[in-house]
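The residues making up each chain are set out below.
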Amino acid sequence: MSDDHTHVQEFFSARAADWDSRFPDDGPAYAAAVGELGLRAGDRVLDAGCGTGRALPPLRAAVGPSGVVLGADLTPAMLHAAVRAGRDRHGRLLLADVAALPLRSRSLDAVFGAGLISHLPRPAENLRELARVVRPGGVLALFHPIGRAALAARQGRQITPEDLRAEPNLRPLLAGSGWRMTSYADEDARFLALAVRED
């Protein structure tokens, strides 16, 4: 396992047990972001870096009982927290690295990634892997329940021009990874970038 993966696992393992209690009011923001994916009954969707599975209930509601909901995360402690919260009832949990997903190419209709991009060790390569598993015309949502400025303030830091989530950085990053950005919102109450899988 790379040092990047070890760091991510250590970071989230230490926080898994109380993650949901630290951010108890994020549920509506997750549901609203999932609503913007435009999912239909029967669709197949992945929550990439699913953590404690907070997106799984709204994803299941969007695709219905005939759809497929998968949650993949690198950190066992986060997946255990998802099971403790009962969110495994809404989708299948996978201990998997988004850099090498155990999924067939073009097998999904959408990918949802909450807080994902800042934890990707090789963003362009990792976004290409997400593109691999999504059919042409499928959708990617990169989400955070608060915007970049609010998150930086919470963490006691400044936003830098190098921030991958800044639109001038994110748009070409996505374009070079098989995605075309279709909308971008960076507000106090949410960050949401939507992109479509190119042919």
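Residues numbered from 1 in each chain as written. Predicted model: local features only at pLDDT ≥ 70, side-chain atom pairs only at ≥ 80, totals over all residues. Heavy atoms only, no water.

> Tell me about the pairing of strand β4 (residues 108-114), and please be specific about residues and values.
Within β4, seven of the seven residues are buried, leaving the element largely enclosed by the surrounding structure. Direction of pairing for strand β1 (residues 44-48) relative to β4: parallel, over a ladder of three bridges. Within β4, the position partnered with V45 by the bridge is A110. Two strands pair when backbone bridges link them, and β4 and strand β5 (residues 134-144) are joined in this way by six bridges, in the parallel orientation. Paired with V111 across the bridge in β5 is L140. What joins β4 to β5 is helix α6 (residues 123-132), and the crossover it makes is right-handed. (Buried < 20%, exposed > 50% of the residue type's maximum accessible area, 1.4 Å probe, protein only. Helix = DSSP H or I, 4+ residues; strand = E, 2+ residues; numbered from the N terminus. Pairing = 2+ DSSP bridges. Right-handed = clockwise from strand over helix to strand, strands pointing away.)

> Explain helix α5 (residues 76-84) to me, using residue names and the numbers behind them.
For an α-helix, the turn length of 3.6 residues means that residues three or four places apart are oriented alike. Buried residues of α5: M78, L79, A81 and A82, and no others. Buried residues of α5, seen end-on, are gathered within an arc of 155° and therefore sit on one face of the element. Trailing α5 by a residue or two, G86 shows a phi angle of about 80°, which is positive. (Arc of directions from axis to C-beta.)

> Summarise the environment of F191; cite the residues concerned and give the values.
Mapped onto the elements of the fold, F191 is located in strand β7 (residues 190-197). Between the C-alpha atoms of F191 and I146, which are 45 residues apart in sequence, the distance is 5.9 Å.

> I'd like a rundown of helix α3 (residues 27-35), residues and numbers included.
Within α3, the full set of buried residues consists of Y30, A33 and V34. For α3, the arc enclosing every buried residue in end-on projection is 100°, short of the 170-degree limit, so these residues lie on one face. Pointing more than 90 degrees away from the buried face of α3 are the exposed residues P28 and G35. Looking at the buried side of α3, the elements it contacts are α4 (56-63), β4, β5 and β7. (Contact = heavy atoms within 4.5 Å.)

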